[in-house]
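Here is what each chain is made of, one letter per residue.
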Amino acid sequence: MIILAVLKIIGIVLLVILGIILFLACLVLFSPVRYRVFGALQEKHLTGEVKVTWFLHAVSFHLSYDSVRETAMVYRLKILGIPFEKLKALFTPRKKKEKVRKKLKKLKEQDPETYERLRAEAMERRRKEEARVKAEEEARLLEEKQETQKAAAKRHPIRQALRRIRHTVIGMWQTAGKTGKGVARVAAFLFAIPRRIVGRIGKILGRIRGFCATIKTIIGFLRDERTRRCIKYLLQKAKRLFKHIWPKRLKGYIRFGFDDPYQTGLVLAGVEPFFPIWGRNLDLYPVFDQAVLEGEINAKGRIFIIFVLIQGFGLWRNKDVRFVMNYLQNTKEANNHV
């Protein structure tokens, strides 16, 4: 009986723990990420504010911008109401550094010779590390310079070939007066010029054929039925995600104008077809007698993590998306091996 009672208690505890885990998982997945965006432009004075909260305000992010402020952009992140800087400071090894500093000070007072020896060794290690970093930086810069030169040679093969021909001919003519072998070398080089030109033209034609083959492969890939279904599916998912992320509350106005009334009329005519999108939320005030741009926008919305995960899971399960991803991955690996 005692064993059954213990097993019963253990089972109840496990069920309680499982229930708590499921409850927290539901809170995380179904708790929306709420955001609020505010922006205003008045006489070239731009201000903006972004607020994001999640998990019942357990995590909050605030970003503000003011063009006339000394620090134009200011942001603040809080977790459980505690600024992230304070949380970060709790995990920094300040106390450990303070202990090391006290030990060194004590060692300097009690054993100056050992302290100076350790200090010299530390300075030597620092010097070697700085020299190593400097050497690596110089090697990196030299490698980048060589890569740039190679890239320049590839971009201008005809110019590089003509430059090499010119230097070679000049060098051969300079040595031709000193030795009779120079004349023979100049003649051999001149006879070899047509062959080199033909070889260069052949390489250029080969590159053109390779480029045409690549274009043909891309066109075939885009015409593939699976690629078309993938693009259609991605557009549908993007439309759903955009509709979900789009602010539920959007209100504001824009007052604009140009020196030329004709340009103001063109802008107004250009945005008129999209009136069903912005007409309910934004008010446009065209000004035809001066150049002006002012406005204010206030938006609120929310994003459910569970919705984003479901959309991502649908992308991962879709066979057409997998086909496109595998094709792009194989193409990238093939280009890397070339």
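Above this note sits the structure.
A. Layout of the overall build of the protein chain. Broken down by element type, the protein chain carries 11 helices and eight strands. Relative to its 338 residues, the protein chain shows a buried fraction of 15%. Here the analysis covers contacts within the protein chain between residues at least 6 apart in sequence; of these, 57% occur between residues at least 24 apart. Total accessible area on the protein chain stands at roughly 27500 Å², and carbon and sulfur atoms take up 65% of it.

B. Up close: the pairing of strand β2 (residues 45-54). Looking at chain direction, strand β1 (residues 33-42) and β2 are connected through nine bridges and run antiparallel. Across the sheet, Gln42 pairs through a bridge with His45, a residue of β2. Relative to strand β3 (residues 59-66), β2 runs antiparallel, the two being bridged by eight bridges. From the neighbouring strand, Thr47 faces β3, where its bridge partner is Asp66.

C. The arrangement of the sheet that holds strand β7 (residues 282-287) in detail. What the eight strands build is an open sheet, ordered β5-β4-β3-β2-β1-β8-β6-β7; its pairing is mixed. Taken across any chain shown, the strands that pair with only one partner, and hence form the sheet edges, are β5 (82-83) and β7.

D. The packing of aromatic side chains, seen in detail. Throughout the structure, instances matching the rule amount to seven aromatic pairs. Both rings, one in Phe313 and one in Trp316, keep their centres 5.8 Å apart while their planes meet at 40°; by these two values the pair is tilted. With Phe313 and Trp316 both in helix α10 (residues 305-317) and three residues apart, the pair spans about one turn of that helix. By relative accessible area, Phe313 is classed as partly exposed at 45%. Each residue in the set Phe221, Phe323 and Tyr327 is aromatic and connected to the rest through ring pairs, giving one cluster.

E. Up close: a positive patch on the surface. Among the surface-exposed residues, Arg164, Arg195, Arg196, Lys203 and Arg207 lie close enough to one another that they form a single positively charged patch. At four residues, the largest contribution of residues to the positive patch is made by helix α6 (residues 181-223). With respect to the helices and strands, the residue Arg195 is situated in helix α6. Here Arg195 falls in the exposed class, since its relative accessible area comes to 59%.

F. Region of the structure containing the nonpolar core. Counting five residues, the largest nonpolar core is built from Phe221, Cys230, Tyr233, Val321 and Val324. For this core, the secondary structure elements donating two or more residues are α7 (225-245) and α11 (319-337). Beyond its immediate sequence surroundings of up to four residues, Val321 is in contact with Cys230, Tyr233, Leu234 and Leu315.

Calculation criteria
Residues numbered from 1 in each chain as written. Predicted model: local features only at pLDDT ≥ 70, side-chain atom pairs only at ≥ 80, totals over all residues. Heavy atoms only, no water. Helix = DSSP H or I, 4+ residues; strand = E, 2+ residues; numbered from the N terminus. Buried < 20%, exposed > 50% of the residue type's maximum accessible area, 1.4 Å probe, protein only. Contact = heavy atoms within 4.5 Å. Areas by Shrake-Rupley, 256 points an atom, 1.4 Å probe, with all protein chains shown as cover. Pairing = 2+ DSSP bridges. Phe/Tyr/Trp six-rings, centres within 6.5 Å; stacked < 30°, edge-to-face > 60°. Patch = residues over 30% accessible without salt bridge, like charges linked within 9 Å, V, L, I, M, F, W, Y side chains within 5 Å. Salt bridge = Lys/Arg side-chain N within 4 Å of Asp/Glu carboxyl O. Lys, Arg positive; Asp, Glu negative; His and termini not counted. Charge placed at Lys NZ, Arg CZ, Asp CG, Glu CD. Core = buried A, V, L, I, M, F, W, Y, C linked by side-chain atoms within 4.5 Å.

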